[in-house]
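Chains, contacts and geometry: an overview
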Amino acid sequence: MRRPYVALLGIALIVGGFASVRTVQVLLLGKQDDGRYLVSTGQYVSPVGRVEKTEYARPKDLALSPDGKYVAAMATAKVFIYSRSGDLEKALAVKTGALGVAWSKLGKLYVSGGDGSVSEVVKSAEGWTVSRNFKVDTPELINAEKPSNPQVLGLAVSKDSAYLYAALGIRNAVVKIDLASEKPVASCKTDVAPYRVLLSPDETKLFVANRGGAAPGKSEARANSAGTDVAVDAGTDAALRGSISVVDLSLMIAKRVEVGRQPSGMVCRPDGSVLYVADSDSDTVSIVDAAAAKRIGVIPVTTADDPEFGRIPTDLAISPDTKQLFVSCGGINALAVIALETKPEVVGYLPTGWFPISVKADDNGLVVASSKGIGSRPSNKTTKFGVHDSVGTVQFATYSDIAGLDSLSKAVAINNGWEKVLEARKDVAPVPIPVRLGEPSVFRHVIYIIKENLTYDLMYGDMPEGNGDKGICIFGEDVTPNQHRLARDFVLLDNFYTSGTNSADGHQWTSSSICNAYQEQNYSANQRSYPYDGGDPLAYSPKGYLWTAAAKAGISVRVYGEFVNKPSIKHKKTGKSADFFTLWDDYKNGKNEYEIRAITDNKSLRKYLHPNYIGFPMVVSDQWRADLFLREFEEYVRKDNLPKLCMLLLPNNHTSGTSAFYPTPRAMVADNDLALGRIVDAVSRSKYWKDTLIVVVEDDSQSGVDHLDGHRTAALCISAYSRKGQTVSEFFNHSSMIRSIELVLGIPPMNRFDASANSMASCFNSVPNYLPFQFSPNNIPLDERNPVKTALNPEARKLAEQSEQQDWTNYDKADPTVVARAMWQSQRPNKPFPWTKFNPPSPGEDDDE
């Protein structure tokens, strides 16, 4: 096993006639006995130096004040202002965007807002306050009749404090603003999706990092991002290139420098001669001759001890003596240290929090902002550990703190579980999950089913065989009889976690085992897109998805519903769409009056995609989805040509709150449960049962609470070889599941996360049991309507009204808090929502943290 976890002795328990194998000690998320934190990607974090936690906020960007007194950390909906030594002076509520924070020499702080504005923060006798807020746009568009959000991002302030430079991501431009008048005085077009900006030391140039690079040529593959075409890799649909715009500030004319994919942070040598650029989707640092506007070198940050893509360089800082370059690597929770005096190369690592996203350096040392910090572990023990309850970190490390580079580098290696990848052995007998890639499996087919948003406790909290909390289980066995029987008849997984947070990053993790820096930067600031279903090439891993990886390996693949970002539902005669109950009537009575088409912008997916199977919107029943799959499955059985990999989306357990336009939450979850049961039943009675593995997981876990951690979710591992009637409490996550699929089918890893993940081998026996699964009928009418609002108590009525006001056309456009509270109210009308559910501390976690 390559993921660092402790293999522990198990003991057999008999609970209600159910044989359960439970470990004496279980590795749980949070603080461990050795002081490190285990996070849901399966990595440990152990940030060095002074660590300040940003409770309920993810840091996005950092700025050091010119006088050296202050550090500003821009976070989700807040700005944290610290003294340079790390004392918190103020946590100020500000409507922030994806990034953008800069100081003026006058001591004023400027912060980009998600609404297309900039806030000015000043310190007065009353403390730090927002002194003004003004809209930002390009001069030719500022007076437009209906100006849209330009997406204000990276900021820089001139040395005389007179002008502010801002990147406008959706406008593909930078703008120069007179701070006295708040008016734009000049602008310059850039390449696609400018994010960060940096003034040259002499202020004659502005460097702009463009995530989308140069616009596509006439013959190049392309895809749209926020209204602009982006050049893409035809094999993966991911953004193909990045660039730096070097803007001559006297003329406001830009020169292009081609760099790696999705450039992020930049830093200049003090003399202005060389610019270093973090190429976040190339795992490189570009070296740019600033005067000649030319790339003159590339430094890889991926090394032999961890060779796969996914180090994800996000930002850069240079040491005061210019001998070292510090690169924040979001994928390994560390700074890579690059020696610059001879041949530039990585010479070691410094531990940070989870996903370092910004780094700064001065004579006092380093400041590092890590967006996810220590995970969703708020210090208030009476508060739920919800998946969005992020605790970011801002790390203050002196140069003496980071002096022991060898030992700190070893700590990073241990935290990430780096070890040598072993070659496949010859003449190895087939097993369910092979130990090494290329060794044989008893399985020849995998059916991978992705569902939506539930925590473990919401569904399995009522199972005494696992580590659950019955008090917060609202979709127990009466609602989900099939999933409870599947957990009992095969294997119950009570320590499985989502790697991401919501559907935008969750579907990246479930389909590609990684989430890139663009996605992490835009968390809770989705002005460009919310790419749960594709639709934004900047969000895609450059190494592609399971379907592209399978095809590249010669593995046949079929996809049902995933990344269908343009579903079409039309009445065949009138062309009108319909709500759930109309389509349910059409389905139940076999009218077939509606045409449903699955359309995707992801060209590399189209050849594998079922033409009619859609994910969202939830206006179609999961029974309809199951029927589409089972009709094709019957044909596969008849023709003996079942694809090696089938990926299905079964989304209706997301629910639509208590909206009158949809069934009750429990009906939608029951619909989902029945569809899954029918699919497993059919496969288990077919000739493919003997060599097929079915794995099931939620894309995220944001629709409720869990007594262990908000990332804990419901997952299933179903096959004739599964350890029937047993509970497996080994730590697993999305990457574990994808790693298992790859080992079974012989698909090489897509990136460092699936390459280093532990497989789910402990879920299987060596001897099969071919007893088929018999699905259970639903206990709840699948079209059960939510009560009329007039019959509800005030709280329930308010939640019903809020549910109806949500946007249900796409995943997670609805407020997840409204969904969670509405589900709870529907199922537990006489009990308050468990905002303050007690959470036992993780091993080694102190009560005062």
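As shown above, the structure is provided for reference.
1. Digging into the pairing of strand β33 (residues 354-362)
The buried count for β33 comes to seven of nine residues, which makes it a mostly enclosed element. Examined bridge by bridge, β33 and strand β34 (residues 365-373) share seven bridges and lie antiparallel to one another. Bridge assignment links P356 to a residue of β34, and that residue is S370. Linking two consecutive strands that pair antiparallel, namely β33 and β34, is a turn of two residues.

2. Let's talk about the pattern of salt bridges
Where side chains of opposite charge bring their charged atoms close, a pairing between them can arise. Going through the model one piece at a time under the given rule, you end up with 40 salt bridges. A salt bridge links E89 to K123, with the shortest nitrogen-to-oxygen separation between them at 3.2 Å. In this pair, E89 sits in strand β10 (residues 88-93) while K123 sits in strand β13 (residues 117-124), placing the two residues 34 residues apart along the sequence. Here E89 falls in the partly exposed class, since its relative accessible area comes to 36%. For K123, a relative accessible area of 44% gives the class partly exposed. The closest approach of N and O atoms between R256 and D191, which form a salt bridge, is 2.7 Å. With R256 in strand β24 (residues 253-259) and D191 in the loop between β18 (183-189) and β19 (192-199), this residue pair connects regions lying 65 residues apart in the sequence. Residue class for D191 comes out buried when judged on its relative accessible area of 9%. Connected through salt bridges with shared partners, the residues D305, D306, R311 and R752 form a single ionic network.

3. Concerning the environment of A292
When you line up the elements, A292 lands in the loop between β27 (284-289) and β28 (294-300). You can call A292 partly exposed: its relative accessible area is 47%. Expressed as a C-alpha distance, the spacing of A292 and N786, which sit 494 residues apart in the sequence, is 66 Å.

4. Things to note about helix α10 (residues 665-684)
With 20 residues, α10 extends 29 Å between its outermost C-alpha atoms, agreeing within 8% with the 28 Å of an ideal straight helix rising 1.5 Å per residue. For α10, a buried count of 18 out of 20 residues is recorded, marking the element as mostly surrounded by other parts of the structure.

5. With respect to the sheet that holds strand β3 (residues 30-31)
Taken in spatial order, the three strands of this open sheet run β3-β4-β5, and their pairing is antiparallel. Single-partner strands in this sheet number two, and they are β3 and β5 (44-45). Examined bridge by bridge, strand β4 (residues 37-38) and β5 share two bridges and lie antiparallel to one another. Looking across to β5, one finds that Y37 is bridged to V45.

6. A closer look at the packing of helix α3 (residues 481-489) against α10
Direction vectors running N to C along α3 and α10 enclose 45°, while the axes themselves pass 7 Å from each other. Judged by the angle between their axes, α3 and α10 are oblique. Here α3 contributes P481, N482, Q483 and L486 to the contact with α10, which in turn contributes N672, D673, L674, L676, G677 and V680. Split into classes, the residues belonging to the contact of α3 with α10 amount to five nonpolar, four polar and one charged.

Criteria and cut-off values
Residues numbered from 1 in each chain as written. Predicted model: local features only at pLDDT ≥ 70, side-chain atom pairs only at ≥ 80, totals over all residues. Heavy atoms only, no water. Buried < 20%, exposed > 50% of the residue type's maximum accessible area, 1.4 Å probe, protein only. Helix = DSSP H or I, 4+ residues; strand = E, 2+ residues; numbered from the N terminus. Pairing = 2+ DSSP bridges. Salt bridge = Lys/Arg side-chain N within 4 Å of Asp/Glu carboxyl O. Expected span 1.5 Å × (residues − 1). Axes fitted to C-alpha atoms, helices over the stretch in contact; angles between N-to-C directions. Parallel < 35°, antiparallel > 145°, perpendicular 65-115°, else oblique. Contact = heavy atoms within 4.5 Å. Nonpolar A, V, L, I, M, F, W, Y, C, P; charged D, E, K, R; others polar.

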